[in-house]
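Descriptive analysis of the structure
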Amino acid sequence: MKNYLALACIFCYLLSSCTNEPSPKNTFISEVDTIESKIDSILLKMTLEEKIGQTAQRGKSSRVKELPVELKDAVKRGEIGSFLNIMNKDDAKELQRIAMEESPNKIPLIFARDVIHGFKTIFPIPLGQAASFDPNLVQKGARISAIEASTYGIRWTFAPMLDISRDPRWGRIAESAGEDPYLTSIMGEAYIKGFQGDDLSSSTSLAACAKHFVGYGAAEGGRDYNTANINEFSLHNSYLKPFKKAVKTNVATLMTGFNEVNGIPASGNEYLLKEVLRDQWNFDGFVVSDWNSIIEMIPHGFAEDEAGAAEKAANAMLDMEMTSTSYQDNMKDLIEVGKFSEDKLDEMVRNILRIKFRLGLFDNPYFKPESDVLYAKDHLDAAKEAAEKSMVLLKNENQILPLDTKKSLAIIGPLADAPHDQLGTWTFDGEKTHTVTPLTSFKENHKNPILYSEGLSYSRDKSNKGFNDAVKIAQNSDVIVFFGGEEAILSGEAHSRANLNLPGEQEQLIYELHKTGKPIVLVLMAGRPITLGNIIDKVDAILFAWHPGTMGGPAILDILTGKTSPSGRLPITWPKEVGQIPIHYNHKNTGRPTIPEEFVQMDSIPIGAWQSSLGNTSHYLDVGYLPQYPFGYGLTYSNFKYSDVKILSNETKENGPIIVNAKITNTGNVKATEVVQLYFRDMVGSITRPVKELMRFKKVELEPGTSKIIDFVFTKDDISFYGLDKKWITEPGKFKLWVAQHALDNTHELEFIIE
């Protein structure tokens, strides 16, 4: 009976594929049929050229107005599986029409786009959103992005980026969730759920793409595309963790990185793509290369030519090639000479078709170009909320913030009214005409006089011709609000920086403003931490706004004027100097860890001192051992007290729950939000373990004078690690826990034993 039903399913599908009209629904057959049997029926009909075609992703130059005939002909022959960057709706419709009506097997195309932190409504950069420590907020933003992008026929986004990023010189840190594997995993899960929605086949869902698999964020020297050397234990215990979580969250696709990992480029790495991703994690979506990353294995020195690159990538089971044509040009020959097999090609095509079925493209290949959802009020409201909750208050001497509404303001700086740069990196579709800048927001909503001078025309401006005007308005105002940082183009892909100071003459302008004696509030907009040593003592308050997106202006206004108390926390460790990089809180202890009481600063060394290993610990003589600001750090307009911190339950023998309890009290005068963080340390292991690891966090909003008791629950599995036997284990022994405000907060320390 089962064989007859399977034959009926195949016959029904073959019949429906021969007509342009949609086949009537047969409830009985649709109940017993499966995606896999549909794929089987398609594969039986496909020629070798058509199979290879499914592995090809192509694009169209924005400089070419008309669809090239050769491109349409390739779709008609079934030799393209996906397109990226097709932003003309009519072009997308026509290409899909050709695929569904004129190609041999009526296989729909997937249209892809880099929808990273918004489509038209732009949210804060991903690093900024990670600072919110609010996965629900991130999920909401991704859902809005999907709703907007799908009106252009886009059903696949190249996000989220899950690279562990510990070097702010690397420009793409702006696209990451920072340095911590747990936080990155949680944020990645939120993005995936937001993009893909409750039902991937919904017309407003985007297939998410976890990238870059793997280790791209560990590029030497923070130079983009550079080599990554990651030992096996760090690879599994840090860099692979967010991707493993993404696979468990049913991410549809993954993308390989440009980098090599321990000598093998990611796009040809069989261990990562086959053994880890497919065999261990059972991933059944498809993997796409990054732009030209397959043929870039030639300059890596891993492949002699494009045929060799195609052979290595295909045998590693990299399913789809982005833009380059090594598969198209060489795969047929590779199969003929036995260097690759059609059976393996079938598996690659199966992976691609499976996602197309899950996206519902076979049943509903076309899109509805409804544009009224773009910049919808609830979308803009969500973008403003995300901007507010991502901002991190780093300094607030003498409680200069929130601003006194009775005082006049001098708004100065190159980013006070920079609608394009405010959007941040990788915002192809954001429109600066919809951006609300801080200057606009203050002018429209602040009751007291607002004087404005940009001082510098752009962040890299080295001319001081605007200094006099800036100083003049500063002298005639009560408070200076300086908007500085870096333009959007200075962060992102291929935009690594060796020097992380404020670019251009911004520091010099701050020096001149400081001479007026007026308090200075520094609002930073940037895609990465900025080293502040030269000016940190010249300003009274620092608010890090990242690149906050479309609604950054009103969000900054509400934070600075106290309508909203800042609640963001740093998802990265902030260095004092570039020389400290790479820097991250979850480092190893070394055999000579820093002893604060014995630290010797360079200027304290006597002239002519006897040669010795001063301090005998791991530190820098000039900048010491501490960062400027630790991971998890951020101020509010209130204060919080932690008390009654204890372990309530410790059922470690049977892998039962371990429950940590704490009372959090708002001891200040305004409503504010605290991000309570739980860290742990495995004190002794068969391999050395980090000094701290983030395991849980909770956001608590409290009215003045009120308290809340919170619980953190975890099991032995949450403190396991990838060990010497290449398995995940939790070894018996002593562990420490900290319920803390940031990674360097050791006030509330607990201990427990695993037997």
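Note that the coordinates shown come from a computational prediction; the quantities given were computed from them, not determined experimentally. (Residues numbered from 1 in each chain as written. Predicted model: local features only at pLDDT ≥ 70, side-chain atom pairs only at ≥ 80, totals over all residues. Heavy atoms only, no water.)

**A few points about the nonpolar core**
Ranked by size, the top nonpolar core spans 85 residues in total, and within it F213, L254, L277, Y327 and M331 carry the most contacts. Top contributing element to this core by residue count: helix α9 (residues 181–196), with 7 residues. Mapped onto the domain boundaries, this core takes at least three residues apiece from domain 1 (36–359) and domain 3 (640–754). Sequence-distant contacts of M331, defined by excluding residues within four places in its chain, comprise I52, A314, S326, F340, L345 and M348. Listed in part, the 42 residues of the second largest apolar core include A174, V392, A470 and Y633. (Core = buried A, V, L, I, M, F, W, Y, C linked by side-chain atoms within 4.5 Å. Buried < 20%, exposed > 50% of the residue type's maximum accessible area, 1.4 Å probe, protein only. Helix = DSSP H or I, 4+ residues; strand = E, 2+ residues; numbered from the N terminus. Domains from an automatic or database assignment. Contact = heavy atoms within 4.5 Å.)

**Considering the UniProt feature "domain: Fibronectin type III-like" (unreviewed entry) in the protein**
In the numbering adopted here, UniProt assigns the feature "domain: Fibronectin type III-like" (unreviewed entry) to residues 674–743. Helix makes up 0% of residues 674–743 and strand 56%, with an end-to-end C-alpha separation of 14 Å. (UniProt positions renumbered as here; feature names shortened; annotations may be inferred.)

**Some points on the layout of surface pockets**
If you add up the space inside the largest pocket, you get close to 1000 Å³. Looking at the largest pocket, it is lined by 32 residues, and the ones nearest its centre are H587, T594, Y625, V691 and L744. Here the lining of the largest pocket is composed, by residue class, of 16 nonpolar, 11 polar and 5 charged. (1 Å grid on protein atoms, 1.4 Å probe; cavity = no way out; pocket = protein on both sides within 12 Å on 5 of 7 lines; lining within 4 Å. Points joined across faces, edges and corners; volume = space filled by probe spheres on them. Nonpolar A, V, L, I, M, F, W, Y, C, P; charged D, E, K, R; others polar.)

**Let's talk about a negative patch on the surface**
A contiguous patch of negative charge on the surface is contributed by E304, D305, E306 and D329. Counting through the fold element by element, E304 comes out in the loop between α13 (297–300) and α14 (306–315). (Patch = residues over 30% accessible without salt bridge, like charges linked within 9 Å, V, L, I, M, F, W, Y side chains within 5 Å. Areas by Shrake-Rupley, 256 points an atom, 1.4 Å probe, with all protein chains shown as cover. Salt bridge = Lys/Arg side-chain N within 4 Å of Asp/Glu carboxyl O. Lys, Arg positive; Asp, Glu negative; His and termini not counted. Charge placed at Lys NZ, Arg CZ, Asp CG, Glu CD.)

**Some details on the pattern of salt bridges**
This structure, assessed with the given rule, holds 41 salt bridges. Across the pair E36 and R354 runs a salt bridge, and its minimum N-O distance is 2.9 Å. Taken together, the residues E36 in helix α3 (residues 35–45) and R354 in helix α16 (residues 342–358) connect sequence positions 318 residues apart. In this structure R354 comes out as buried when scored by relative accessible area, which is 7%. Across the pair K332 and E49 runs a salt bridge, and its minimum N-O distance is 2.7 Å.

**Quick notes on the pairing of strand β19 (residues 672–682)**
With 11 of its 11 residues buried, β19 lies for the most part within the structure. Residues A672, E674, V676, L678, F680 and D682 point to one face of β19 and T673, V675, Q677, Y679 and R681 to the other, with burial holding for every one of them. Sheet topology places β19 next to strand β20 (residues 693–702); 9 bridges connect them, and they run antiparallel. Note that in β20 the partner of V676 across the bridge is K698. Pairing of β19 with strand β24 (residues 733–740), which is carried by 6 bridges, proceeds in the antiparallel orientation. Looking at β24, one finds that Y679 is bridged to W738. (Pairing = 2+ DSSP bridges.)

**A few points about the side chain of S324**
By the element assignment, S324 lies in the loop between β10 (321–322) and α15 (326–336). You can call S324 buried: its relative accessible area is 5%. Of the polar contacts made by the side chain of S324, one reaches the side chain of E321; its length is 2.6 Å. The residues contacting S324, other than those within four sequence positions of it, are R58, N292 and I295. (Polar contact = N/O pair within 3.5 Å; in protein donor to acceptor, adjacent residues only side chain to side chain.)

**A closer look at the environment of T550**
Position of T550 relative to the elements: it lies in the loop between β16 (541–544) and α21 (552–560). Measuring from C-alpha to C-alpha, the distance between T550 and E431 comes to 8.4 Å, with 119 residues separating the pair along the chain. In contact with T550, other than residues within four places in its own chain, are K120, T121, I122, L380, Q422, L423, H434, T435 and V436. Among the polar contacts made by the side chain of T550, one reaches the main-chain amide nitrogen of I122 at a distance of 2.8 Å.

**Observations concerning the side chain of D346**
With respect to the secondary-structure elements, D346 resides in helix α16. Residue D346 is classed as buried on the basis of its relative accessible area, which comes to 17%. Within the local environment of D346, its side chain forms a polar contact with the side chain of K51, the two groups lying 2.8 Å apart. In contact with D346, other than residues within four places in its own chain, are L43 and K51.

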